[in-house]
Amino acid sequence: MKLTLLCLCVFGVCLQRLDFTESSGQVNDLGPSEKISRNRQRGETESSSYFYYQEPQYPRDCKDVYEQCDDQTESGIFMIQADDAPEPFNVHCNNSIDGGGWTVLQRRRLDSVKFNRSWKDFRNGFGFLGSEFWIGNEKIAYLTNQKRYQLRMDFENVAGETYYVTYDDFRISDEWGKYYISSLGTFIISDELKIEWCPANEIFSNETCERTCEDPDTCISATSRTESEQCVCVGDYLREQGQCIPLNQCNCFVDEKGSVLGEGKFYINSRCTRNSTCQDNQIIEASYQCSDHATCAERNGVRKCYCNPNYEGDGETCVLPKDCYELYVSGTRSDGVYTIYPDGWSSGIQVYCEMESNGGGWTVFQRRSSASVEFYRGWLDYKNGFGNKNQDHWLGNKYIHSLTNQKTYQLRIDLRDSASSSYYALYSTFSITDEADKYRLSVGSHSGNTGNDRLSYNNNKQFSTKDQDNDGSSYDCAEGHRGGWWYGYYYYYYSYCRYDYYCYYYPYGSYCRYCGYSNLNGDYDGSTRGTYMFWYSSSLNTYGCSLQYTEMKIRPV
């Protein structure tokens, strides 16, 4: 709406017109009832007969101005004094509409004056009579209680169309009555077709943040508007089934929260003893209790039970995570190093968790990406682990044993060959025994795209290192392959030693031998036959010799 104008006209000593500027036309800060009357009889005493000042007789409204002063027929600012008003005051008279003599109570057209004001401001008036203003409830009360007045409201919409409505008997009470509208009279519309009447609880506005009971957190998009201005429900009203209702009447309104829950949202009370959930546009109440290892708190605007440090869970249940998968289920979604608590490790161990690929929840226990970490090591190093968890490392056989014997785990091996092509092998089960049994390997069925199953040949074999030979033969496979692995299957040939792509053979006298078809802990860049980090398969470049990358990780089945 571009313009609104509220005017009064009565049914039914001339003053010079005041020249207007914003300063001279400013509405007074103090109401007439608060000011001391001026222009009273002056002298030493009220009974003095020697000198007195004749108080002028002011018009009572703009109708009087229009009728009494023949030369004052133009609209402008004039001084009047309504009956019982303690002193005269300035008003804007509109003499250009419907016969003239209209006393303007309010004007809005430029949005230059703020109307969201206090009781005192609306009582005394504010703004500038030459532009936007509210004359003041105190003045309106004096005016409307001295005669019978007609109220006229003039409007202009964004299309430049003008129209008005009138009430034939308008009156308000004084401040003691809270300026109550005591009379309006008959209502008349100038042009029915130009007026858009808003339903109850709605306003005509260009507001784009209208909300609904079903989705109280989302504003209606401005792009969905068909007009720049229309009837909307705002503030403490939400739309439901085409109507605007107070938010406390929405089905998913929560008293303690003082707002409405969206579908599927929940609210936990201040003591964390009750959970209110909006389900199918109805509030579902349920009891709620924090775990012994949780704290009732509000974080990021959400109050609920939060697990204490090191514990994971939903707050009602909090446990120390046994592996990366339990961290993943509890909501952790970023790759990185985390502390887990496998059976037997109450103080926790640090592992690298792969959370962002391959379904997430993988606990990594081996990675090779460069020659920066030496893997030709002894038994204690492979038992306790070595390297950097964020980069190349071996977690440690004692930890791998604890991890793989607390649940049933699957094994995934990711490989990248010398041509930078990626492959993977997946084993349905994986575990190793304890140190007393030399960390013996157990794997299940194979799948993936490596083309060949190259770990099952080592199934049921014990772990060997350069200083502890457990391959079950008279040959030291760990030394020949320069790594720690589950060696054991061996053989020797003479003719095959002539072909370089049989990188898994290592020389033994005048013959060559091998202890398996895989060794992911060999030299990163093997320069001697049999010392390579390899996964022998015709599907990989150079038959899987000279791998660029390997990673071994587990996740519960």
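You'll find the structure just up there.
Only a predicted model underlies this, so the values are computations on that prediction, with no experimental measurement involved.

### Brief notes about the side chain of Q81
- Mapped onto the elements, Q81 comes out in the loop between β2 (76–80) and β3 (89–94).
- Note on Q81: relative accessible area 16%, which makes it buried.

### Considerations on the pairing of strand β29 (residues 409–416)
- Judged by how many residues are buried, β29 sits mostly within the fold: seven of eight residues are covered.
- Bridging between β29 and strand β30 (residues 422–432) involves seven bridges; their strand directions are antiparallel. In the sheet register, I413 faces β30, and the bridge partner there is A425.
- Taking the residues that link successive antiparallel strands as the turn, the β29-β30 hairpin has five residues, and the phi of S420 there is positive, at about 65°.

### Points about the sheet that holds strand β17 (residues 266–268)
- If you walk across this open sheet you meet the three strands as β17-β18-β19, and the pairing is antiparallel. Among the strands making up the open sheet, the edge pair consists of β17 and β19 (282–287). Along the sheet, successive strands turn relative to each other by an average axial angle of 20°, direction set aside.
- Taken together, the three bridges between β17 and strand β18 (residues 274–279) define a ladder with antiparallel strand orientation.

### Regarding the pattern of salt bridges
- Tallying each qualifying case throughout the model produces 28 salt bridges.
- Across the salt bridge formed by D381 and R377, the nearest N and O atoms sit 3.3 Å from each other.
- Judged by relative accessible area, which is 31%, D381 ranks as partly exposed.
- Classification of R377 by relative accessible area gives partly exposed; the value is 24%.
- Ionic contacts of the salt-bridge type, sharing partners, join the residues E354, R367, R412, D414, E551 and K553 into one network.

### Details of the nonpolar core
- Counting 48 residues, the largest nonpolar core has F365, W394, L411, I413, F430, L455 and W535 as its most contacted members.
- Broken down by element, the residue count for this core peaks at five residues, all from β30.
- Grouped together as the second largest cluster of nonpolar side chains are 29 residues, A85, F126, F133 and I172 included.

What counts as what
- Residues numbered from 1 in each chain as written.
- Predicted model: local features only at pLDDT ≥ 70, side-chain atom pairs only at ≥ 80, totals over all residues.
- Heavy atoms only, no water.
- Helix = DSSP H or I, 4+ residues; strand = E, 2+ residues; numbered from the N terminus.
- Buried < 20%, exposed > 50% of the residue type's maximum accessible area, 1.4 Å probe, protein only.
- Pairing = 2+ DSSP bridges.
- Axes fitted to C-alpha atoms, helices over the stretch in contact; angles between N-to-C directions.
- Salt bridge = Lys/Arg side-chain N within 4 Å of Asp/Glu carboxyl O.
- Core = buried A, V, L, I, M, F, W, Y, C linked by side-chain atoms within 4.5 Å.

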